[in-house]
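Architecture and fold: a report
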Amino acid sequence: NYPNPFNPSTKIRFVLPQSTLGKTQEVTLKVYDVLGTEVATLINEELSTGKYEVEFDGSELTSGIYFYQLKAGSFVETRKMVLLR
């Protein structure tokens, strides 16, 4: 994500490579706080191969560390981001 740390929004970019199972993949992108509580679902849909950019607005959240998790097919990645007020 960029920028990181952010205030109040950041952009999360990702690329879905060609899927061997078909033209689309089930993709979820969720944001969690440090306690593991889900604070936002940014994507929960079938997406095709390509580049994507999603904006996350943290204006309703308190300062702190948050994690976003991207799941696409069998791929799962979690990264940290920091919201500074």
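These remarks concern the structure in this document. Just so it is clear, the structure is predicted and the values come from calculations on it, not from any experiment.

**Regarding the sheet that holds strand 2 (residues 24-33)**
- Reading across the sheet, the four strands line up as 3-2-5-6 and stay open at both edges, with antiparallel pairing between neighbours. The open sheet has two edge strands, strand 3 (38-48) and strand 6 (75-83), and neither has a second partner. Pairwise comparison of adjacent strand axes, ignoring direction, gives a mean angle of 15° for this sheet.
- Pairing between strand 2 and strand 5 (residues 64-72): seven bridges, direction antiparallel. Each bridged residue has a counterpart across the sheet, and for Leu29 the counterpart in strand 5 is Leu70.

**Points about the packing of aromatic side chains**
- The final tally for this structure, using the stated rule, is two aromatic pairs.
- Residues Phe6 and Phe56 carry aromatic rings whose centres are separated by 6.0 Å and whose planes lie at 70° to one another, so their mutual orientation is edge-to-face. With Phe6 in the segment before strand 1 (9-16) and Phe56 in strand 4 (residues 50-57), the pair connects residues that are 50 residues apart, well separated along the chain. In this pair, the class of Phe6 matches that of Phe56, namely buried.

**Notes on the pattern of salt bridges**
- This structure, assessed with the given rule, holds four salt bridges.
- Salt-bridge contacts for Arg13 lead to Glu53; the nearest nitrogen and oxygen are separated by 2.5 Å. Separated by 40 residues along the polypeptide, Arg13 in strand 1 and Glu53 in strand 4 bring together distant segments of the chain.
- Using a relative accessible area of 54% as the deciding quantity, one classes Arg13 as exposed.
- Using a relative accessible area of 43% as the deciding quantity, one classes Glu53 as partly exposed.
- One salt bridge connects Arg79 with Glu77, and the closest N-O pair in it is separated by 2.6 Å.
- Owing to a relative accessible area of 47%, Arg79 belongs among the partly exposed residues under this scheme.
- With relative accessibility at 28%, the residue Glu77 sits in the partly exposed group.
- Where salt bridges share partners, they join Lys11, Arg13 and Glu53 into one cluster.

**Here we look at the pairing of strand 6**
- Across nine bridges, the pairing between strand 5 and strand 6 is antiparallel. Bridged to Gln69 within strand 6 is Thr78.

The rules we used
- Residues numbered from 1 in each chain as written.
- Predicted model: local features only at pLDDT ≥ 70, side-chain atom pairs only at ≥ 80, totals over all residues.
- Heavy atoms only, no water.
- Pairing = 2+ DSSP bridges.
- Helix = DSSP H or I, 4+ residues; strand = E, 2+ residues; numbered from the N terminus.
- Axes fitted to C-alpha atoms, helices over the stretch in contact; angles between N-to-C directions.
- Phe/Tyr/Trp six-rings, centres within 6.5 Å; stacked < 30°, edge-to-face > 60°.
- Buried < 20%, exposed > 50% of the residue type's maximum accessible area, 1.4 Å probe, protein only.
- Salt bridge = Lys/Arg side-chain N within 4 Å of Asp/Glu carboxyl O.

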